[in-house]
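Architecture at a glance
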Amino acid sequence: MSSAETTAAPQPNNALKAIAWMALSGLGFSAMTGVLRYVTETMDPLQAGFLRYAFSIFLLAPYFIGGRFGQLRTQRLHWHVIRGALHTTGVLLWFFALTRIPLADITALSFTSPLFATVGAVLFLGERLHARRIGAVLMGFAGTLVVIRPGFSAIDLGVICMLISSPLFAISELIAKNLSRHEGTATIVTYQTVTVTAFALVPALWVWETPSWADMGLLCLTALVATGAHLCWIRALKEADVTVTQPIKFLTLVWAAAIGFFAYGEVPDIWVWVGGAIIFASASYIAHREAQIRRQGKETVAPVATSGPANT
């Protein structure tokens with residue numbers, strides 16, 4: 001990408017398109033989460049996590065029809081495997097949390113992933129730790145405390161699983177960022193799908209029960225919806241700068257709360273909204289600062305990690 005492309009402000013029409021694509025992406029991820037909540041009521045989350053990625057392999061297969069297998073050549077297989085192991089752990093923890101806590105809580109806590117990505121970029125990529133970044137990260141963690149309210153309510157095991165999965169997803173994103181300097185998107189996505197499926201197979205076999213055709217159909221549907229949501233997300237990022245699209249991600253919490261209420265009778269309390277807004281504001285500020293630094297060419301910045309559902 002040329003410097004002119006990097007620094008040019010997005011056109012108004014492109015910005016509106018980006019907002020629409022990002023809103024549609026958030027709706028897709030929320031719908032996927034809602035369907036998975038239903039499936040995990042009767043299927044062990046370990047098995048559901050495996051099948052969700054196994055179906056994705058079949059969705060990727062048509063892409064390689066026509067001699068594109070050469071794109072799978074890599075000199076960094078060990079990093080793909082390490083990333084796959086970390087991502088698998090995060091996915092399985094996320095699926096377990098899905099069976100324990102409301103959809104709105106899961107979405108609010110998933111907003112912490114960019115905060116962990118920022119900390120990880122400092123620790124592992126050697127990026128500079130600015131005072132503004134420190135303040136944004138601390139504000140984000142304060143918002144997390146508002147959501148879980150330790151000492152005021154019992155901390156559910158699902159919350160703990162979410163708080164462990166978020167940094168794992170963030171590390172996965174940082175590894176992907178490093179890999180993207182040398183390899184294509186198709187290579188990275190394919191190795192992620194294959195390695196997660198392989199690592200998730202063993203725990204899935206441990207709890208395996210023959211799924212119903214209805215559950216298989218729903219899991220296939222979630223794979224399709226997740227793929228479509230990812231495509232909408234990528235399209236949004238191509239249409240406009242991340243500072244335009246980032247605030248729209250907060251709609252994901254609205255979608256999740258609505259699905260949780262109408263489908264499962266879940267009513268998020270005020271603290272989930274307050275804490276989620278604080279976390280999201282800090283993550284949006286980090287995205288804004290990174291975009292500014294990137295345009296000025298001062299340093300290589302960490303990617304703005306996607307929210308939990310987007311990583312599953």
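Structure: above.
Structural notes, computed from the coordinates. Just so it is clear, the model here is predicted, and its values are computed rather than measured.

When you go through the protein chain residue by residue, the secondary structure sums to 13 helices and zero strands. Among the 312 residues that make up the protein chain, the fraction classed as buried is 47%. Sequence-distant contacts, at least 24 apart, represent 89% of the contacts inside the protein chain between residues at least 6 apart.

What follows covers the packing of helix H5 (residues 103-110) against helix H8 (residues 157-179). Viewed as axis vectors pointing N to C, H5 and H8 meet at an angle of 30°, and their least axial separation amounts to 10 Å. Classified by the interaxial angle, the pair formed by H5 and H8 is roughly parallel. Every pair of crossing elements has a handedness; the one defined by H5 and H8 is right-handed. Of the residues in H8, those touching H5 at Ile106, Leu109 and Ser110 are Val159, Met162, Leu163 and Ser166. Grouping the constituent residues of the contact of H5 with H8 by class yields five nonpolar, two polar and no charged.

Residues Leu36, Trp94, Leu109, Met162 and Leu219 are the most contacted members of the largest nonpolar core, which totals 46 residues. In this structure Leu109 touches Ile101, Thr144, Val147, Ile148, Val159, Met162, Leu163 and Ser166, once residues within four positions along its chain are discounted. Formed by five residues, the second largest nonpolar core is a distinct cluster that contains Met22, Ala23, Trp233 and Ala236.

This part takes up the side chain of Thr88. Among the secondary structure elements, Thr88 is positioned in helix H4 (residues 77-98). Looking at Thr88, the relative accessible area reads 4%, which means it is buried. Ignoring any residue separated from it by four or fewer positions in sequence, one finds Thr88 in contact with Thr195, Val196, Phe199 and Ala200.

Below, the discussion takes up H5. Among the eight residues that make up H5, eight are buried, leaving the element largely enclosed by the rest of the structure. Every buried residue of H5 is accounted for by Leu103, Ala104, Asp105, Ile106, Thr107, Ala108, Leu109 and Ser110.

This part takes up helix H9 (residues 185-206). Taking 1.5 Å per residue, 22 residues should reach 32 Å; H9 reaches 32 Å between its end C-alpha atoms and fits that length. Taking the largest bend as the criterion, H9 deviates by roughly 35°, centred on Ala200, and proline Pro203 comes between one and four positions later. When H9 is considered as a whole, its buried residues turn out to be Thr187, Ile188, Thr190, Tyr191, Gln192, Thr193, Thr195, Val196, Thr197, Ala200 and Ala204.

Moving on: the pattern of salt bridges. If you walk through the whole model with that rule in mind, you get three salt bridges. With a closest N to O distance of 2.3 Å, Glu266 and Arg37 form a salt bridge. Pair noted here: Glu266 is in the loop between helix H12 (251-264) and helix H13 (270-296) and Arg37 is in helix H2 (residues 12-39), with a separation of 229 residues, a long-range link. In this structure, the salt-bridge partner of Asp156 is Arg100, at a minimum N-O distance of 3.1 Å. Placement of Asp156 in the loop between helix H7 (131-148) and H8 and of Arg100 in the loop between H4 and H5 is noted, with a sequence separation of 56 residues between them.

Looking now at a nonpolar patch on the surface. Together, Ile155, Leu157, Ile160 and Ile164 make up an exposed nonpolar region whose accessible area comes to about 320 Å². For Ile155, the position within the fold is in the loop between H7 and H8. The class of Ile155 is partly exposed, set by a relative accessible area of 41%.

Okay, the side chain of Thr252 next. One can find Thr252 in helix H12. Filtering out sequence-adjacent residues up to four positions away, Thr252 remains in contact with Gly26, Ser30 and Thr107.

A word on the environment of Ala240. Assignment of secondary structure puts Ala240 in the loop between helix H10 (213-239) and helix H11 (242-245). For Ala240, a relative accessible area of 8% puts it in the buried group. C-alpha of Ala240 to C-alpha of Ala15: the two residues are 225 residues apart in sequence and 5.4 Å apart in space.

With that settled, the discussion passes to the environment of Tyr285. Relative to the elements of secondary structure, Tyr285 occurs in helix H13. Once the C-alpha coordinates of Tyr285 and Arg133 are considered, the two residues, 152 residues apart in sequence, prove to be 8.7 Å apart. With sequence-adjacent residues up to four places away left out, Tyr285 is seen in contact with Arg132 and Ala136.

Next up on the list: the packing of aromatic side chains. One pass over the full model with this rule turns up four aromatic pairs. Ring centres of Phe116 and Phe141 lie 5.3 Å apart, and the angle between their planes is 75°; on these two criteria the pair is classed as edge-to-face. Separated by 25 residues along the polypeptide, Phe116 in helix H6 (residues 113-124) and Phe141 in helix H7 bring together distant segments of the chain. Pairing Phe261 with Phe262 gives two aromatic rings, centres 5.1 Å apart and planes at 80°, and the pair type is edge-to-face. Overall, the relative accessible area of 44% leaves Phe261 in the partly exposed class. Its relative accessible area of 70% is what places Phe262 among the exposed residues. For Arg37, the ring lying beneath its charged end belongs to Tyr264, and the centroid distance is 5.7 Å.

Cut-offs used in this document
Residues numbered from 1 in each chain as written. Predicted model: local features only at pLDDT ≥ 70, side-chain atom pairs only at ≥ 80, totals over all residues. Heavy atoms only, no water. Helix = DSSP H or I, 4+ residues; strand = E, 2+ residues; numbered from the N terminus. Buried < 20%, exposed > 50% of the residue type's maximum accessible area, 1.4 Å probe, protein only. Contact = heavy atoms within 4.5 Å. Axes fitted to C-alpha atoms, helices over the stretch in contact; angles between N-to-C directions. Parallel < 35°, antiparallel > 145°, perpendicular 65-115°, else oblique. Left-handed = near helix turned anticlockwise from the far one by under 90°. Nonpolar A, V, L, I, M, F, W, Y, C, P; charged D, E, K, R; others polar. Core = buried A, V, L, I, M, F, W, Y, C linked by side-chain atoms within 4.5 Å. Expected span 1.5 Å × (residues − 1). Bend = angle between axes of the 7 residues up to and from the residue. Salt bridge = Lys/Arg side-chain N within 4 Å of Asp/Glu carboxyl O. Patch = residues over 30% accessible without salt bridge, like charges linked within 9 Å, V, L, I, M, F, W, Y side chains within 5 Å. Areas by Shrake-Rupley, 256 points an atom, 1.4 Å probe, with all protein chains shown as cover. Phe/Tyr/Trp six-rings, centres within 6.5 Å; stacked < 30°, edge-to-face > 60°. Lys NZ or Arg CZ within 6 Å of the ring centre and 35° of its normal.

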